Amino acid sequence: MRPLLERDFDSSFASVRAAQDGSFGESWRPLLSLLLGHARRSGADFSEIFLEKRNTLRVSTENGKVTSVAPSFSLGAGVRCFKGSQDVYVSTNDLSREGLRWAVDQALGMLGCSSRMLSSIGRDVQLEPLRDFAVLKRKDEWLAACAGVGALSERLLAMSSSLNKNVAHLQSDQTSAFRDWQEVLVAASDGVFARDIRLHQLARAGVNCVDGTHRTSLHEQRASTGQPRFLEEVDLNPIVDEIAASAKVMLRADYVSAGQYPLVMANRFGGVIFHEACGHLLETTQIERKTTPFADSLGKQIAHESLTAWDEGVTEGAFGSTDMDDEGMPAQSTLLIENGILRNFIVDRAGSMRFGHPRSGSGRRQNFAFAPASRMRNTFIAPGKFTPEELIASCETGLYCKKMGGGSVGATGEFNFAVGEAYLIEKGKLTKPVKGATLIGTAVDIMKKISACANDIELAPGFCGSVSGTIYTTVGQPHLKVDNITVGGRA
Amino acid sequence: MLHTDEIKTLLSKIQSARPGIELDLSGSSVADQTVKVKESNTLDQSASQRTGVTLRVWNSDKRIGVVQLTSLDFNELLAAVDVALEAAPLGPSEDLPRLPLAADAGDVNSSASARSGATAQPASIEKMAEKLKTAVEQLKKFHPDIQGVPYNALTQRAVERFYANTRGLMRTQASSVVSTYLYAVGQAQGKSSRAAGHWGEEDAFEKLKMDDVVQVAGETLVAHLHPIKIPSGQYPVIFSGQAFLDLLGAFGNLFSAQNILDKQSLHTRESLGQTMASELLSLSDDPFHEWSVAPALFDGEGTAVRKTALVEKGVLKGLWHHSVTARSFGTQSTGHARVGAKMTVGSWFYNVAAGNGLGSIAENCIWVDDVEALHAGVNALQGSFSLPFKGFRIENGKKSSLEGVTVAGDILTLLKSIVAIDKKQERTSAGVCPPVAVSSLSITCEG
């Protein structure tokens, strides 16, 4: 028998009382169609049941020792019902017939529907043949093919050792790897019946360097979707090399002077600028809240004509890719902005029902505890015609943002994001490194100032927290130039 | 309500099925209901029932395996025990926690226990909706320039926490919390759109004063409707109690014994007893303060929660400990354990002591009401921050809202440059704290 932790965590779920045959699928059809029919008879216009099983493992090291092995298992369901313009959402850990019945009845009660007798015969909602996205790619084999604790520990300890050898003034180092395996089943009163398995994995390293009063902390990560052997096969050396190179220059970097700067932003995680400054404002949840300035801008110029941007869920292996969204819709590519003109929004089922925009396969959520909402997937700015060097050379003075941190956007379209590693541009060339910069502005303003894109697009994995929880996303862009932006720093 | 007898029986059955092991269980069952009012004036309602359990298993070599799951079902727990037993030899081998004993866990605060035990009857979803709808309408009418309340919610939550182990330590606690937030958007003629809000939290539905939340949210937004720009530069700064605690909370490694042991703190072991802040600053972790709603009675190891002095007159006096860090520092756990595959520590409820008043600095300063984007703009291990904020320029006593501003500095420098603390404490979501004045910080203003 193979050890559980080495290969097959899922066997631990064999005993889970409600998982019936151990996985989601056809065996759930009778109960789900019965419950959906019950909701319809009781007055709900539309109802949807989302089942989720999760199996995660995180291994961490600190300063050359394994400090944490963290397996976790969860089961849950979310029931969403609509009646007129109202909608409700109820979640539970209890996937038994009684537990799901409770959730449906709670939802109906909150909608003001009277709960009718739950018939024990007949399938009130005729669910479609199961669309099994897991079978299509043999995803049922993924979990067993993932690296076990022993292999992960070995790789992380090797990375820790390498950090120790290569990073100057190292005070502490942390490495970690996680895999997040998720099986979902969606059934809805319009007949949707779909199953998928998702697998997200990530390896990360961070360091804290100290030399006298000089301090810096840095981290790097690599991640994938749907590649079971990723953590065994990914080359971790670039993580160490990038951290070592950054630590060398950033430990003694001065703080950036506050002010207005022309900006060149690097590719990969530089894409967070579009994610925060514009992407969130194209989600239909923002239209519903009236917190986007772009609600009535379809077909209008909202950005510089050099800017074209996409949101999609189809790039193989990218962190934000999904074969189907959490509402059972297959993934798509969505052209958001074409040469500065707004072409499409990021639309979930509720957004489509309320505003008439076509669904884009963007209904996403962290887990069963959250109702799905329109969320980004892999979001990026398309490449342009320049080289990165040409963009830098076009700035007499300015700031080059090589590595970005996180950011956020507020209810009035004001965005901010942190810069992890930056360099001054003087006379068209990169000069000294600077730290502590925060970029601020408003979406409407900044989108018109992205005036040139280079030809070197790259994507980077990240996490996005919003109304339906924290989800896996990708940001990306080529090097790009912003004509002018406010840089918060030291005055 | 969780029955202690049932948990004891579960533990006993697991030990019978897997002889030679010790284990503990901690976690909670939560039932909550939330209503939100959409811009279309329709309701967004949700409810959930969730259980979260952390299972720790000690094998015969005293190595420990930890598994998290979402059920107290015997079969699922037994499967998790097997996973934990496999994880144990592969996990850490040093500085391992020991199974907590009742004799070391301390007595829970009896008055807080009585307070906590009186869980409130939940209100109906209809009552919740009515209360929130009324508040949203009131806020919309508070001022003609208020355009909407896009972010709002009213939540009631019943929580049952438990800790139990095979050596007989058993603790349970039931509590209820009702909370709300109202975040409105407004725009004055010719000015940019602004947003501001307020929150409220009580242990019973009837106690929640929505009128107060509406009043503060409305006043705050209206105060920001006519913002000005100022030159970037160094300014004296006053942080509201909320802003100061939000910033301090982002540098939690200052008080974490675990972070110090991991070399992931701005402090070291030797920092205890050293001056870390202006002598004006005294700070404690005060979980049973009268303004702390539904305080936890015990931590993740079952240790009784208690008040802990952190800073006295600028000197670092204490840290947050769990059992393992306490052993390393030669002291006792302070009841701050958060249990997982690796134990961590964290605050319960800050209490910054009142000072002698802000004095003349309050007449000419930058007032930081609310710091934003802490997740992005704080480098906790570097000690630096650069954060957007909502606030005001106060010039000769006249208050003008600012827009497009950031505040930047180093936390240790900031703490040493505190020049005044107000006489009156404010209630915040992280604790109680008066406004705190700092001699000088970098302020950047857009445009």
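Residues numbered from 1 in each chain as written. Chains lettered and ligands numbered in written order. Predicted model: local features only at pLDDT ≥ 70, side-chain atom pairs only at ≥ 80, totals over all residues. Heavy atoms only, no water.

Draft legend 1. Representation of the overall build of chain A in the model. Summing up its helical and strand segments, chain A has 13 helices and 23 strands in all. Against the 2.2 N^0.38 benchmark of 23 Å for 491 residues, chain A shows a C-alpha radius of gyration of 24 Å, consistent with a compact globule. Expressed along its principal axes, the backbone C-alpha trace of chain A runs to roughly 80 × 60 × 35 Å. In chain A, once contacts between residues fewer than 6 apart in sequence are set aside, the share between residues at least 24 apart is 74%. Of the roughly 16,900 Å² that chain A leaves accessible, carbon and sulfur atoms contribute 51%. (Helix = DSSP H or I, 4+ residues; strand = E, 2+ residues; numbered from the N terminus. Rg over C-alpha atoms; globule rule 2.2 N^0.38 Å. Contact = heavy atoms within 4.5 Å. Areas by Shrake-Rupley, 256 points an atom, 1.4 Å probe, with all protein chains shown as cover.)

Draft legend 2. Expanded view of the overall build of chain B. The helix and strand inventory of chain B stands at 10 helices and 22 strands. For 447 residues, the compact-globule formula gives about 22 Å, and the C-alpha radius of gyration of chain B, at 24 Å, lands near that figure. For chain B, the spread of C-alpha atoms along the three principal axes comes to 75 × 55 × 40 Å. Across the 447 residues in chain B, those meeting the buried criterion constitute 58%. A fraction of 71% describes how many contacts in chain B between residues 6 or more apart in sequence connect residues 24 or more apart. Here chain B displays about 17,300 Å² of accessible surface, and carbon together with sulfur accounts for 47% of that area. Each charge sign in chain B was given a centre, from 42 positive and 48 negative side chains, and these centres are 2 Å apart. (Buried < 20%, exposed > 50% of the residue type's maximum accessible area, 1.4 Å probe, protein only. Lys, Arg positive; Asp, Glu negative; His and termini not counted. Charge placed at Lys NZ, Arg CZ, Asp CG, Glu CD.)

Draft legend 3. Main features of the sheet that holds strand β10 (residues 315–316) of chain B. All names here are of chain B. The strand order β10-β9-β8-β13-β21-β20 describes an open sheet built from 6 strands, whose pairing is mixed. Looking at strand neighbours, the two that pair on one side only are β10 and β20 (426–427), the edges of this open sheet. In terms of strand pairing, strand β8 (residues 283–285) meets strand β9 (residues 308–312) through 3 bridges, oriented antiparallel. Opposite Asp285, over in β9, you have Thr308 as the bridge partner. (Pairing = 2+ DSSP bridges.)

Draft legend 4. Fine view of the packing of aromatic side chains. Tallied over the entire structure, the rule returns 10 aromatic pairs over all chains. Seen from their ring centres, Phe415 of chain A and Phe417 of chain A are 5.3 Å apart, and the 25 degrees between their planes marks the pair as stacked. Both residues of the pair, Phe415 of chain A and Phe417 of chain A, count as buried. The rings of Phe178, Phe319, Phe463 and Tyr472 of chain A are connected pair by pair, giving a single aromatic cluster. Looking at Lys13 of chain B, its charged tip hangs above the ring of Phe74 of chain B, at a distance of 4.3 Å from the centre. In this structure, Arg269 of chain B packs its charged tip against the face of Phe329 of chain B, placed 4.6 Å from the ring centre. (Phe/Tyr/Trp six-rings, centres within 6.5 Å; stacked < 30°, edge-to-face > 60°. Lys NZ or Arg CZ within 6 Å of the ring centre and 35° of its normal.)

Draft legend 5. Up close: the domain arrangement of chain A. All names here are of chain A. What the domain assignment lists for chain A is domain 1 (4–250) and domain 2 (254–488). Between the C-alpha centres of domain 1 and domain 2 the distance comes to 25 Å. Across the boundary between the two partners, domain 1 contributes 49 residues, which contact 38 residues of domain 2. Summing the contributions of domain 1 and of domain 2, the shared interface buries around 3,300 Å²; its carbon and sulfur component is 52%. Three residues, Arg80, Tyr89 and Met250, lead the burial of domain 1 against domain 2; their summed loss comes to 17% of the area buried on that side. There are 9 salt bridges connecting domain 1 and domain 2. A salt bridge links Asp323 to Lys139, with the shortest nitrogen-to-oxygen separation between them at 2.5 Å. The interface formed by domain 1 and domain 2 holds 23 residue pairs in polar contact (both at pLDDT 80 or more) in total. (Domains from an automatic or database assignment. Buried area = accessible area lost by both parts, 1.4 Å probe. Salt bridge = Lys/Arg side-chain N within 4 Å of Asp/Glu carboxyl O. Polar contact = N/O pair within 3.5 Å; in protein donor to acceptor, adjacent residues only side chain to side chain.)

Draft legend 6. Summary view of the interface of chain B and chain A. At the junction of the two partners, chain B supplies 72 residues and chain A supplies 74 residues. Summing the contributions of chain B and of chain A, the shared interface buries around 5,800 Å²; its carbon and sulfur component is 51%. The tally of links from chain B across to chain A stands at 5 salt bridges. Ionic pairing is found between Glu288 of chain A and Lys38 of chain B, a salt bridge with its closest N-O pair at 3.4 Å. Inspection of the region where chain B meets chain A yields 31 residue pairs in polar contact (both at pLDDT 80 or more). For the side of chain B that touches chain A, the element with the most residues is strand β2 (residues 43–58) of chain B, which contributes 9 residues.

Draft legend 7. Expanded view of the confidence of the model for chain A. Taken residue by residue, chain A gives an average pLDDT of 92. The fraction at 70 or more is 94%. Across residues 1–21 of chain A, where pLDDT falls below 50, the model places 67 contacts with residues more than four positions away in sequence or in other chains. (pLDDT = per-residue confidence, 0-100.)

Draft legend 8. Molecular detail of unusual backbone geometry. At Lys427 of chain A, a position not held by glycine, the phi torsion is positive, near 50 degrees. Position of Lys427 of chain A relative to the elements: it lies in the loop between β17 (414–426) and β18 (429–435). For Asp95 of chain B, which is not glycine, the phi torsion reads 50 degrees and is therefore positive. Topologically, Asp95 of chain B is positioned in the loop between α2 (74–87) and α3 (110–117).

Draft legend 9. Molecular detail of the sheet that holds strand β15 (residues 378–381) of chain A. Residues and elements named next belong to chain A. The strand order across the open sheet formed by 6 strands is β12-β11-β10-β15-β22-β21, and the pairing between neighbours is mixed. If you trace the sheet from one side to the other, it starts and ends with β12 (341–342) and β21 (458–466), each paired once. Direction of pairing for β15 relative to strand β22 (residues 469–477): parallel, over a ladder of 3 bridges. Within the sheet, the bridge partner assigned to Phe380 lies in β22 and is Gly476.

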